[in-house]
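Here is what each chain is made of, one letter per residue.
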Amino acid sequence: MSAGERPNCSFTVLEFIDSRFRELYVESIDPNSDTTKFVRLIVFDSSSQSSCRTDIIRWGAKWDSNKGRSYFLGHKREDVVKKRKEFVMYMLDHQDFYYYPIVPVEGSLAWNIPMRNKTILFSHDESTFRSGEMAATRWFVSDLTPFYSKGRGRSIMLSELMVAHHECDLFRLSDEEFARALADYPELQEDPAENIKFFKNSATAYIEPKKDCYFDNDTLLKQFRRFFILLKYRTAFTDHKFEVLVDNATTHATKIYDITKLSKSPGTKCIYEAIEWEENGVKKRVPCFDNNGVSKGLLAIAKEMLVIEQNVKSNEILLENLRSRMLKHPAFTENTRLEQLASVFDVKVIFLPKYHCELSPIEGVWRHEKNYARKFNDQKFNSFFTLLEDSITYYLKGKFNIKIWSTFWKALNMYNIGKTYKDVMQALFGARRTGTNDNYFQYLNKN
């Protein structure tokens, strides 16, 4: 039933049955029969859609809702698989330095406390909460069904940081710790004019999406700067290293210099004052403007950076080719803006492999918080923010953190022993399964 594995579901049942029947039962078909008619009409005097569906059901298929399946786009790409293997090996090689869940003799999950190179692992992401969303199912009593809003309502974007640590689930400071941070960094005091807002004593940010108001790269850098500053004031984190898992969204992975912002000719618009980079331990700098304040253009900059020969003329190289050659230069292959900011505070940013949300622990936070918000949502935006706060409180009281991090490490170990993306999604995250997955659940029960 290879048709069941296709990303799309657009195949005609009659034509499918006809082609497969002709392949499998050649001896049952008269070679002189009319090839323009479906084979079931010829052999069984029946060609209805329903009779063909009966065949498919007998073969083990079923007609069901098109959801609850594994993601399929991109995870098999060669570069993505390579990145995933590198990520898995890095995490497992450094596992003894992290706080991670273990199963002691008594059987319940507990945190392993590292003895050396103590490193605290964080997981970051953003998610949108919509005031019009409700739970998929609920109880109804007779004719007392309430009215509801048809749309998904206004929304709030939440940007959160979860922690792999036995004393902290979501990153927060105590009142005393935040007071000390505020005394040293007065800029931590919120600006009412800013679109981005923060929860009390934390770097957890929220924003109401609208025109010119979104979690773009600049907004996220503001949040991360606040987070990096607050880290050293958390008493439990003293004498620790810090690593943050971040997905590969463009808002996170924006490079320091965007080559598409540079035009070839002199006098064109340029948003950078200079291109700076480090090469063999030496810092280098090439100004983007001449002494008269006129932009040099990418061609002149490329010559100064020794990317192309000095005698190359503008009509001898296309802008596309020039940009392609510039992208190989260290200035454009170095770290992202987020990594550059993190290095100032001695924090390591680790980008997750693309198309692998199962390796982002904070997705589990969104699952619990959104389920709570949908269950208690009255579809009124004025009370929605309070509901959002309640959903965070629900997550913290539920002690879900250690279970989510346990699933993260199980996924890493499954990839390490050769399991596929589909195996991991089916075994750990409830994607559609077959009977062949029993061995994966036996593996999980032993770990």
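Anything mentioned here points back to the structure above.
Report follows, based on the coordinates. This is a predicted model, so every value here is computed, not measured. (Residues numbered from 1 in each chain as written. Predicted model: local features only at pLDDT ≥ 70, side-chain atom pairs only at ≥ 80, totals over all residues. Heavy atoms only, no water.)

## A word on the overall build of the protein chain
Here comes step 1: Within the protein chain, the regular secondary structure consists of 15 helices and 11 strands.
Here comes step 2: Within the protein chain, the proportion of its 447 residues that are buried is 43%.
Here comes step 3: Of the accessible surface of the protein chain, which amounts to about 26600 Å², a share of 50% is contributed by carbon and sulfur atoms. (Helix = DSSP H or I, 4+ residues; strand = E, 2+ residues; numbered from the N terminus. Buried < 20%, exposed > 50% of the residue type's maximum accessible area, 1.4 Å probe, protein only. Areas by Shrake-Rupley, 256 points an atom, 1.4 Å probe, with all protein chains shown as cover.)

## Topic: helix α14 (residues 421-429)
Here comes step 1: Burial analysis of α14 places seven of its nine residues in the buried class, the great majority of the element.
Here comes step 2: Where α14 ends, the next residue or the one after it, G430, has phi of about 75 degrees, a positive value.

## Examining helix α13 (residues 401-416)
Here comes step 1: In this model, α13 (16 residues) spans 23 Å end to end at C-alpha, consistent with the 22 Å of a helix rising 1.5 Å per residue.
Here comes step 2: Looking at α13, one finds that the buried residues are N401, I402, I404, W405, S406, F408, W409, A411, L412, M414 and Y415.
Here comes step 3: At the C-terminal side of α13, G418 shows a positive phi close to 100 degrees. (Expected span 1.5 Å × (residues − 1).)

## Considerations on the packing of aromatic side chains
Here comes step 1: One pass over the structure, following the stated rule, counts 27 aromatic pairs.
Here comes step 2: Grouping aromatic residues by their ring pairs yields a cluster made of F122, F171, F224, F227, F228, F237, F242 and F345.
Here comes step 3: Its guanidinium or amino end placed over the ring of F198, R226 lies 4.2 Å from that ring's centre, counting from NZ or CZ.
Here comes step 4: Here R234 stacks its cationic end above the ring of F237, 5.7 Å away from the centre of that ring. (Phe/Tyr/Trp six-rings, centres within 6.5 Å; stacked < 30°, edge-to-face > 60°. Lys NZ or Arg CZ within 6 Å of the ring centre and 35° of its normal.)

## Examining the nonpolar core
Here comes step 1: Among the nonpolar cores identified, the biggest contains 76 residues, and M91, F122, F171 and F227 are the most heavily contacted of them.
Here comes step 2: Tallying contributions element by element places α13 first for this core, with nine residues.
Here comes step 3: Among all residues touching M91, those that are not within four sequence positions of it are Y98, L121, L245, I350, F408, W409 and L412.
Here comes step 4: The next biggest cluster of nonpolar side chains, apart from the first, holds 23 residues, and it includes Y272, I275, V286 and L298. (Core = buried A, V, L, I, M, F, W, Y, C linked by side-chain atoms within 4.5 Å. Contact = heavy atoms within 4.5 Å.)

## A closer look at the pairing of strand β3 (residues 119-130)
Here comes step 1: Taken across its 12 residues, β3 has 11 buried, putting it largely inside the fold.
Here comes step 2: For β3 and strand β8 (residues 241-246), the ladder comprises five bridges, and the chain directions are parallel. Each bridged residue has a counterpart across the sheet, and for S123 the counterpart in β8 is L245.
Here comes step 3: Across 10 bridges, the pairing between β3 and strand β4 (residues 155-165) is antiparallel. (Pairing = 2+ DSSP bridges.)

## Here's the deal with the side chain of S360
Here comes step 1: Take S360: it is sitting in the loop between β11 (348-351) and α11 (362-376).
Here comes step 2: Other than its neighbours up to four places away in sequence, S360 contacts S123 and L352.

## Here's the deal with the environment of Y421
Here comes step 1: Locating Y421 in the fold gives a position in helix α14.
Here comes step 2: Taking the relative accessible area as the measure of exposure, Y421 reaches 2% and is therefore buried.
Here comes step 3: Between the C-alpha atoms of Y421 and E358, which are 63 residues apart in sequence, the distance is 9.1 Å.

## Focus on the state of the cysteines
Disulfide: a covalent bond formed between the sulfur atoms of two cysteine residues.
Here comes step 1: Applying the stated rule across the entire model yields zero disulfides.
Here comes step 2: For C288, which is in no disulfide, the shortest distance to another cysteine sulfur is to C270 and amounts to 4.1 Å. (Disulfide = S-S within 2.5 Å.)

## A closer look at unusual backbone geometry
Here comes step 1: Of note, D239 is a non-glycine position whose phi angle comes to about 60 degrees, a positive value.
Here comes step 2: Considering the arrangement of structural elements, one finds D239 in the loop between α6 (217-231) and β8.
Here comes step 3: For L306, which is not a glycine, the phi torsion comes out positive at approximately 65 degrees.
Here comes step 4: Turning to its location among the elements, L306 is positioned in the loop between α7 (298-304) and α8 (319-326).

## Structural notes on the pattern of salt bridges
Here comes step 1: Tallied over the entire structure, the rule returns 10 salt bridges.
Here comes step 2: Here E304 makes a salt bridge to K296, at a shortest N to O gap of 2.8 Å.
Here comes step 3: Of the residues examined, K296 reaches a relative accessible area of 16% and is grouped as buried. (Salt bridge = Lys/Arg side-chain N within 4 Å of Asp/Glu carboxyl O.)

## As for the packing of α6 against helix α10 (residues 337-344)
Here comes step 1: For the pair α6 and α10, the least separation of the axes is 10 Å and the interaxial angle reads 20 degrees. Comparing the axis directions of α6 and α10 gives the class roughly parallel. Crossing hand, α6 versus α10: right-handed. On the side of α6, the interface is formed by N217, D218, L221, F224, R225 and F228, while α10 contributes R337, L338, L341 and A342. (Axes fitted to C-alpha atoms, helices over the stretch in contact; angles between N-to-C directions. Parallel < 35°, antiparallel > 145°, perpendicular 65-115°, else oblique. Left-handed = near helix turned anticlockwise from the far one by under 90°.)

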